[in-house]
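Each chain, letter by letter, is given below.
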Amino acid sequence: MFAPERLTLGVFLPLRFYAGDMQALAGQADLVAEIDRRGFAAVWVRDVPLFDPAFGDAGQLFDPFTYLGFLAARTRSIALATGSAIFTLRHPIDLAKAAASLDRLSGGRLVLGIASGDRPIEFPAYGLEHGERAERFAQAVAYFRQLMRPGLLAVDSPLGRFQRAALLPQPAAGAIPLIVTGASGQSPAWIAEHADGWLTYPDATHTLEGPQRLANKIRAWRQRIADGGFRPHMTNEWLDLADDPDHPRTPLQGGYVLRTGRKGLIDLLHAWQTAGVNHAALGIQFSQRPAAEVIQELAEDVLPHFPSHPGPAPLPAAW
């Protein structure tokens, strides 16, 4: 997925929004297998425990870890990413157990986007205070990191404590990348210190100024990274890809969706790459054209400009 000064492409699921009928997701796994075969870098799933009609869409519907496990068996090399697992709502032991299991079963392909949550109805449903989510998020990240260490552990956290126990299985390659989404209630300094990467909204995508502001944000974050080492930045956009390749970049739904032809999309992705973005996750839920048709055009006409990196092969996972 990631290399300095380069950008790769992923696809956000679901490919079609749920609107009261599960048939909206019929055949999606077959298209994900095609996305993998075509050489995209990642496929992304969301984490929405409860559907709140007053808030917005239902998200992926399936539990993210369960569904990525299902997709792991249908794919071979594509990274499996959460965008994002809600670390405030789940206990760190449950998160770590599910994440490490999925990582092992997929041969080390899990990338864990994480967030503090933004749907207020979910917090009282879990018996939690919405206003305490930032503090709980930081505590959960620290606990999760401790659980990833090998051997017998002793943990003393506000979220729980134990002596001389270990988490099994361990991740396939010793660690799972934690990609912080937005601020998640944390300071820029905290994100620079604790995040393995950063996923943010892209700013305006139909003007030159949007990518310029994004570049300033990325530059300020990277200047805070103490060791100066490379950490990737990611962004995403919801697309309505027009069949006219010259269709201008046009914001829809207050800028939440971008309608564009592929030439405008390629120009935007180049601008993001110049800004310091290393991976772009594209959601095609709003596209008026069939999902398979959009994927084919992205694969044949856009992906060659932003190829995935060879990287190491997934580890053996013949469980």
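Below is a short write-up of the structure. (Residues numbered from 1 in each chain as written. Predicted model: local features only at pLDDT ≥ 70, side-chain atom pairs only at ≥ 80, totals over all residues. Heavy atoms only, no water.)

1. So, the pairing of strand β2 (residues 42-45)
Here β2 shows a buried face lined by A42 and W44 and a second buried face lined by V43 and V45. Across 3 bridges, the pairing between strand β1 (residues 8-12) and β2 is parallel. For G10, the partnering residue across the bridge sits in β2 and is A42. Chirality of the crossover, the property in question, places the unit of β1, helix α1 (residues 28-38) and β2 among those that are right-handed. (Buried < 20%, exposed > 50% of the residue type's maximum accessible area, 1.4 Å probe, protein only. Helix = DSSP H or I, 4+ residues; strand = E, 2+ residues; numbered from the N terminus. Pairing = 2+ DSSP bridges. Right-handed = clockwise from strand over helix to strand, strands pointing away.)

2. A short note on the packing of aromatic side chains
The tally for this structure, following the rule as stated, stands at 11 aromatic pairs. Centre to centre, the rings of F17 and F286 are 5.0 Å apart; their planes meet at 70°, and the pair counts as edge-to-face. Highlighted residues: F17 in the loop between β1 and α1 and F286 in the loop between β12 (279-283) and α9 (291-302), separated in sequence by 269 residues. Overall, the relative accessible area of 21% leaves F286 in the partly exposed class. Of the aromatic side chains, those joined through ring pairs into one cluster are F12, F17, W44, W238, Y256 and F286. (Phe/Tyr/Trp six-rings, centres within 6.5 Å; stacked < 30°, edge-to-face > 60°.)

3. Here's the deal with the packing of α1 against α9
At a minimum axis distance of 11 Å, the contact between α1 and α9 shows a crossing angle of 5°. When the interaxial angle is binned, α1 and α9 end up roughly parallel. Here L31, I35 and R38 of α1 lie close against α9, whose contacting residues are A291, A292, I295, Q296, A299 and E300. Within the contact of α1 with α9, the residues separate by chemical class into 6 nonpolar, 1 polar and 2 charged. (Axes fitted to C-alpha atoms, helices over the stretch in contact; angles between N-to-C directions. Parallel < 35°, antiparallel > 145°, perpendicular 65-115°, else oblique. Contact = heavy atoms within 4.5 Å. Nonpolar A, V, L, I, M, F, W, Y, C, P; charged D, E, K, R; others polar.)

4. Focus on the pairing of strand β4 (residues 110-115)
With respect to burial, β4 is a largely interior element, 6 of its 6 residues being buried. Across the two faces of β4 the burial is the same, with L110, L112 and I114 and V111, G113 and A115 all buried. As paired elements, strand β3 (residues 79-86) and β4 share 5 bridges and run parallel to each other. Of the residues in β4, the one forming a bridge with L80 is L110. In this fold, β3 hands off to helix α3 (residues 92-105), which returns the chain to β4; that crossover is right-handed.

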